[in-house]
Amino acid sequence: AGLSSLVEGNESTIAQMLSVADLPSDEAEAQKQLQTSLTDCMAMNDLSAEALLARFFDSSILRKYCEDRLDVSGKGNEATLAARIARAWAKPDFQPLPLPLPSQQDATTKSKGNKKKQAKRRSEGESERITKNTNIAIPKKKQKVASADK
């Protein structure tokens with residue numbers, strides 16, 4: 001279930017990576033062929049699933065898979081992400097989350113963008129304080145600094 005869930009949604013990237021030119025037009029057949037090609041690659045190179053992921057997959061693919069299909073952190077390099085994925089796959093009750101719909105991906109991107117904007121504002125000097133009873137962030141007023149030029 002693990003390897004097939006990684007192939008799902010990444011068919012063109014994996015086909016290009018494995019130099020598979022003649023993929024069947026049927027999506028299920030194409031996924032099956034790519035999965036077979038990946039397992040053949042693992043067997044030829046005597047690789048574990050973790051080693052295959054760390055060695056052949058870019059961190060951006062592994063990060064997206066961790067966040068979207070496993071609902072775990074996508075932070076780390078290829079080796080860290082590969083270990084996280086392999087650990088999830090090794091669980092006997094492993095079931096990946098369904099592929100996110102395009103509208104869900106847009107919402108995720110927008111929320112991440114808002115978080116980045118908030119972090120940027122904070123780093124630019126707009127500090128906030130939390131009120132005791134409401135936990136609402138209220139911007140502090142910037143204090144004017146007396147100029148030595150006067």
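Structure first, text after, so check above.
Residues numbered from 1 in each chain as written. Predicted model: local features only at pLDDT ≥ 70, side-chain atom pairs only at ≥ 80, totals over all residues. Heavy atoms only, no water.

Participant: I tried to follow the nonpolar core on my own but got confused; where do I start?
Facilitator: It is characteristic of soluble globular proteins that their nonpolar side chains tend to be buried jointly. Core analysis: the largest hydrophobic core is formed by 25 residues, its most contacted members being Leu52, Leu53, Phe57, Ile85 and Trp89. Listed by contribution, the elements that provide at least two residues to this core are helix H1 (2–7), helix H2 (11–17), helix H3 (27–44), helix H4 (49–56), helix H5 (59–70) and helix H6 (78–90). With sequence-adjacent residues up to four places away left out, Trp89 is seen in contact with Gly2, Leu3, Ser5, Leu6, Ala49, Leu53, Tyr65 and Phe94. (Core = buried A, V, L, I, M, F, W, Y, C linked by side-chain atoms within 4.5 Å. Buried < 20%, exposed > 50% of the residue type's maximum accessible area, 1.4 Å probe, protein only. Helix = DSSP H or I, 4+ residues; strand = E, 2+ residues; numbered from the N terminus. Contact = heavy atoms within 4.5 Å.)

Participant: Just checking my understanding: could you explain H3 for this structure?
Facilitator: Between its first and last C-alpha atoms H3 spans 26 Å; for 18 residues at 1.5 Å apiece the expected length is 26 Å, and the two agree. Every buried residue belonging to H3 is among Ala30, Gln31, Leu34, Ser37, Leu38, Cys41 and Met42, and all of these are buried. On an axial view of H3, the arc spanned by its buried residues comes to 140 degrees, and they lie on one face. In this structure, H3 carries Lys32, Ala43 and Met44 as exposed residues pointing more than 90 degrees from its buried face. Summarising the contacts, the buried residues of H3 are in contact with H1, H2 and H4. Of the residues one or two after H3, Asp46 is the one with positive phi, at around 50 degrees. (Expected span 1.5 Å × (residues − 1). Arc of directions from axis to C-beta.)

Honestly, it's all geometry; don't read function into it.
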